[in-house]
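Here is how the chains run, residue by residue.
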Amino acid sequence: MSVGKSIFVNQIGYAKNKTKFAYVRKNDVSSSSFLIKDSNGQIVYTGELSAEKTDRLAGEPICVANFSDFTQEGSFTLWVDEKSSFEFPIGDDVYNHLYYLTNRYFYLSRCGQKIVDDDFGHEPCHTSKALIYGTNEYIDVQGGWHDAGDYGRYIVAGAKTVMDLLLAYQESKDSYKDFDILDEVRFELEWMLQMQRPDGGVYHKISCWHFCGFIMPEEEKDEIVLAPVSTSATADFAGSLAFASKFYKDSDSEFAQKLLDAALKAQEYLDCHEDELYTNPAGITTGGYGDKDVSDERYFALCALYAATKNETFYQKAMNSRKNHPQWAEAFSWACVSAYGTEILIKETDAEAKDELKNSILQTADKVLEIVNNASFGTSLIKAYWGCNGGVCDYAHILLLAHDFTGKTEYYEAAKKQLDYLLGCNPLSVCYVTGIGKNPTQKPHHRPSGFLQKTMPGMLAGGPSEWAADEVTKKIIDGKAPLACYADAYESFCTNEIAIYWNSPLVYTIAKLKLV
Ligand code: 9MR
Ligand code: ZN
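Residues numbered from 1 in each chain as written. Chains lettered and ligands numbered in written order. Predicted model: local features only at pLDDT ≥ 70, side-chain atom pairs only at ≥ 80, totals over all residues. Heavy atoms only, no water.

Q: Any chance you could explain the sheet that holds strand β6 (residues 62-66) here in plain terms?
A: Two pairing modes exist for strands in a sheet, parallel and antiparallel, and in both the strands are linked by backbone hydrogen bonds. Reading across the sheet, the three strands line up as β1-β3-β6 and stay open at both edges, with antiparallel pairing between neighbours. Where the open sheet ends on each side, the last strands, each with one partner, are β1 (7-8) and β6. Pairing analysis gives two bridges linking β1 to strand β3 (residues 21-25), with the strands arranged antiparallel. Looking across to β3, one finds that Ile 7 is bridged to Val 24. (Pairing = 2+ DSSP bridges. Helix = DSSP H or I, 4+ residues; strand = E, 2+ residues; numbered from the N terminus.)

Q: I would appreciate a short explanation of the pattern of salt bridges in the present structure.
A: Any two side chains of opposite charge can pair, so long as their charged atoms come close to each other. Enumeration over the complete set of coordinates arrives at 26 salt bridges. Linking Arg 25 and Glu 60 is a salt bridge whose minimum nitrogen-to-oxygen distance equals 2.8 Å. With a gap of 35 residues between them, Arg 25 in strand β3 and Glu 60 in the loop between β5 (43-48) and β6 connect regions that are remote in the sequence. Since its relative accessible area comes to 16%, Glu 60 is described here as buried. Glu 219 serves as the salt-bridge partner of Lys 221, at 3.9 Å between the closest nitrogen and oxygen. Among the residues examined, Lys 221 registers a relative accessible area of 65% and is labelled exposed. Of the residues examined, Glu 219 reaches a relative accessible area of 45% and is grouped as partly exposed. (Salt bridge = Lys/Arg side-chain N within 4 Å of Asp/Glu carboxyl O. Buried < 20%, exposed > 50% of the residue type's maximum accessible area, 1.4 Å probe, protein only.)

Q: Help me understand the coordination of the zinc ion (ligand 2), please; the structure alone is not making it clear to me.
A: At this site the zinc ion (ligand 2) is bound by Cys 111 (SG), Cys 125 (SG), His 126 (ND1) and His 146 (NE2), with donor distances of 2.0 to 2.3 Å. Of note is the zinc ion (ligand 2), whose four donor atoms meet at the metal with angles of 103 to 117° in an arrangement that counts as tetrahedral. All donors to the zinc ion (ligand 2) come from one chain, and their sequence spacing reads C-x13-C-H-x19-H. On the criterion of sequence distance, the pair formed by Cys 125 in the loop between α1 (96-108) and β10 (130-132) and His 146 in the loop between β11 (138-139) and β12 (153-154) is long-range, its members being 21 residues apart. The class for Cys 125 is buried, based on a relative accessible area of 1%. (Donors = N, O, S within 2.8 Å, 3.2 Å for Na, K, Ca; no water. Tetrahedral: all angles 85-135°; square planar, octahedral: opposite > 155°, others 65-115°.)

Q: Just to check I follow, could you spell out the site of ligand 1 for this structure?
A: If you check the shell around ligand 1, you find 13 residues, and the closest are Asp 147, Asp 150, Trp 386, Glu 497 and Tyr 501. Contact distances for ligand 1 include 3.1 Å between an oxygen atom and a side-chain N or O atom of Trp 334. Within the contact set of ligand 1, an oxygen atom lies 2.6 Å away from a side-chain nitrogen or oxygen of Tyr 501. Starting from 450 Å² of accessible surface for ligand 1 in isolation, the protein chains cover 78%. (Near = heavy atom within 4 Å. Polar contact = N/O pair within 3.5 Å; in protein donor to acceptor, adjacent residues only side chain to side chain. Areas by Shrake-Rupley, 256 points an atom, 1.4 Å probe, with all protein chains shown as cover.)

Q: Got a minute to help me understand the environment of Arg 56 in this structure?
A: Assignment of secondary structure puts Arg 56 in the loop between β5 and β6. Sequence separation between Arg 56 and Ala 375 is 319 residues, and the spatial gap between their C-alpha atoms is 8.6 Å. Aside from chain neighbours lying at most four places away, what touches Arg 56 is Ile 382, Lys 383, Glu 466 and Pro 482. Within polar-contact distance, the side chain of Arg 56 engages the backbone oxygen of Ile 382 at 3.1 Å. (Contact = heavy atoms within 4.5 Å.)

Q: What should I look at first to understand empty space enclosed by the protein in this one?
A: The method is simple in principle: a probe with the dimensions of a water molecule rolls over the atoms, and the space it marks as empty is what remains. Counted by the stated rule, this structure contains three cavities of 30 Å³ or more. In this structure, the largest cavity encloses a volume near 80 Å³. Lining the largest cavity, in full, are Leu 108, Ser 109, Phe 120, His 122, His 146, Ala 148, Tyr 151, Met 216, Pro 217, His 446, Pro 448 and Met 456. Split into classes, the residues belonging to the lining of the largest cavity amount to eight nonpolar, four polar and no charged. (1 Å grid on protein atoms, 1.4 Å probe; cavity = no way out; pocket = protein on both sides within 12 Å on 5 of 7 lines; lining within 4 Å. Points joined across faces, edges and corners; volume = space filled by probe spheres on them. Nonpolar A, V, L, I, M, F, W, Y, C, P; charged D, E, K, R; others polar.)

Q: Where do I start with the packing of aromatic side chains in this structure?
A: The geometry of an aromatic ring pair is captured by the separation of the ring centres together with the interplanar angle, meaning the angle of the planes. Inspection of the entire model under this criterion finds 30 aromatic pairs. Measuring from centroid to centroid gives 5.6 Å for Tyr 501 and Trp 502, while their planes differ by 70°, and the two rings are edge-to-face. There is no split in this pair, since Tyr 501 and Trp 502 are both buried. Through pairs of rings, three or more aromatic residues link up here, namely Tyr 14, Phe 34, Tyr 45, Phe 67, Phe 70, Phe 76 and Phe 88. Here the guanidinium or amino end of Arg 110 rests over the ring plane of Phe 187, the centre of that ring lying 4.4 Å away. (Phe/Tyr/Trp six-rings, centres within 6.5 Å; stacked < 30°, edge-to-face > 60°. Lys NZ or Arg CZ within 6 Å of the ring centre and 35° of its normal.)

Q: Just checking my understanding: could you explain the confidence of the model for the protein for this structure?
A: Per-residue confidence for the protein gives a mean pLDDT of 97; residues scoring 70 or more make up 100%. At the level of individual helices and strands, the protein shows its lowest average pLDDT in helix α7 (residues 312-324), which scores 95, and its highest in helix α15 (residues 500-512), which scores 99. (pLDDT = per-residue confidence, 0-100.)

Q: Help me out: how do you make sense of the layout of surface pockets in this one?
A: By volume, the second largest pocket is sized at about 220 Å³. The wall of the second largest pocket is formed by 13 residues, among which Ser 295, Arg 298, Leu 302, Lys 317 and Ser 321 lie closest to the centre. Elements represented by at least two residues in the lining of the second largest pocket include exactly α5 (253-271), α6 (295-309) and α7.

Q: Could you clarify how one ought to interpret the packing of α1 against α15 in this entry?
A: Between two packed helices, the angle of one axis relative to the other and the distance separating the axes together describe the packing. Contact pair α1 / α15: the axes reach a minimum separation of 10 Å and the direction vectors enclose 150°. In terms of axis orientation, α1 runs roughly antiparallel to α15. Regarding α1 and α15, the two cross each other, and that crossing is left-handed. In contact with Leu 98, Tyr 99, Thr 102, Asn 103, Tyr 105 and Phe 106 of α1, α15 contributes Ile 500, Asn 503, Ser 504, Leu 506, Val 507, Ile 510 and Ala 511. Taken together, the residues that form the contact of α1 with α15 break down as nine nonpolar, four polar and no charged. (Axes fitted to C-alpha atoms, helices over the stretch in contact; angles between N-to-C directions. Parallel < 35°, antiparallel > 145°, perpendicular 65-115°, else oblique. Left-handed = near helix turned anticlockwise from the far one by under 90°.)

In C-alpha cells form, the structure reads like this:
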C-alpha cells in the first residue's frame, strides 16, 4: 500500500478558510502536478507541485502541494501519479477534538485523585507522606500532574506548563467552552503551593527515589522524597504563580492573593540566596531538570511580579538582569523561560523598554522564520533532539508573538506549518498526537499506556532525536535522516515519551492560531 508513504498531509485536517499545504517525496513520483479527490473519488482540484527543497533534516527532495484556495468542506485525498495521501478533512472546526483531547490529557494525568475514565480511570495514587531529603521529616504533599511517561512531579516542568495553558486560556476562552482550562491549571497550582518551604524556597521536585517500571500510578508504592530547594524551581514558581494570580481574581480573590503572596515570598528567598543549581543528590535518580544558567528564571520571576504588583523595583531588577546577560536568547522552554518574562512585560505593563523588548523577540523570530523558510517540511528545527516536538511548538510561540507585534502574516504562516509538521507532514507520515489522525503514535513511553496496552489519547510524543539515548533508538537511527530517527516503541524514551510541557505549547499553538 502506498497510502500516506509518499504524500504527507495534516491528518487532523485543514481549516476551510486558511492556507493548506501537503508535502510530496519527490523521488517517489514522476508527475509535477497533484490532484485532490473527494470521498466519492471525484477529482475536485488540481495544482502544480512547488520546486523541490532538500535540507539536512529531511535528507531528500521534498515538494509542496499548495491547495490554499480549495475551500470545499468534506473529506479528501491528495494524489500524485498513483500515490495517495491519507484521507483528511477540510472544515470549520476540525481542530476542536484535538484541542479537547490535548487538554483532557492533563486531567487524566492528575496525581493523588481518583480519576474517572473508562480506559484510564484509577484510584488515588502517590498519597503517602513525602520524606524531606536529608532529614527524618515527612510531610503531606498531594496533587499535581504526573510529569511525563514517569510519575514524578517537577516544579520547573509544571511552571512552564502552567504558563502555556494560561496563555492558551487567554486566547481561547471566548470561543471554546468544552474544557475548563482554569480549573485544570488550578489543580497544578494547588500542588505547587504545597512545594514551598516556610522560608520561601521551593523544593525542586517530588518523586520516588527511582523511576518505577511500567505499572499503574497507584501501584507505585515506594517512598516519596522531596528533593532539595533550587533556584530554578523557586524562580519558576514565583513567575508562574504571580502570572496565574490575575486569572483567579474574579472567581476567587482569596486564592489569587494566596498565589501572589507565595510568589512574593519565593522572590524574597531569591533575593537573599545565591544560585542553588540543582543536580540530583545521592540516592535520587529520577528526572533532574538541571539548569546551569538560572538568570532567565530569575528574570522571568521579576517580570511577572512587576506585572502583578506594579512595584518598580521588580522592573528595574528585571531590566538590569537583561543588561547583564546580553547573550540571552528569548526562549520558551523548560530550561530557558526568558521569553515568558519578556512577553509579560510587553503585554501586561507599560514598560518603557517595550520597543527594545519587542525587537528582542523579533530578532529571535526572524531567525526562526529563516529556518522555516529553508526547511523541506517547514519545521523550525536545525536538529532533531529529545523533545523537539515540544520545541517546534515553542518556536511557534515566538513566531506568533512576532505576528502580534507586526501583523505580518508570514510569521503566522510559519507557526501554522509547525502544526502541519506534527500532525502528519513529516517523512514518517505520523501524527505525533496519540489517539487522533489516520496514523498516530501508538506506543508512547507512558506508563499507564504501556501497562494497559491501550494508548491514552491527546498526548504529543517527543519526536525524532539524533541523539540516541535509549537502546531502541540506537538500533534504528543508522543511515536515517534526522527527522526519521523516531521509534514508535514503549521503550524509546528519547523519541517517544510524552510530557506535560510538550502538550502545553501544543495547546497554546492551536489556541493562538485561532483554530478553535
Ligand atoms: O525534556 C527533558 C529533555 O530536555 C532532556 O534532554 C532529558 C534528559 O535529561 O530529560 C527530559 O525530561 C524528562 C525528565 O527528566 C523526566 N521525566 C520525563 C521527561 C521527558 O522525557
Ligand atoms: Zn500519582
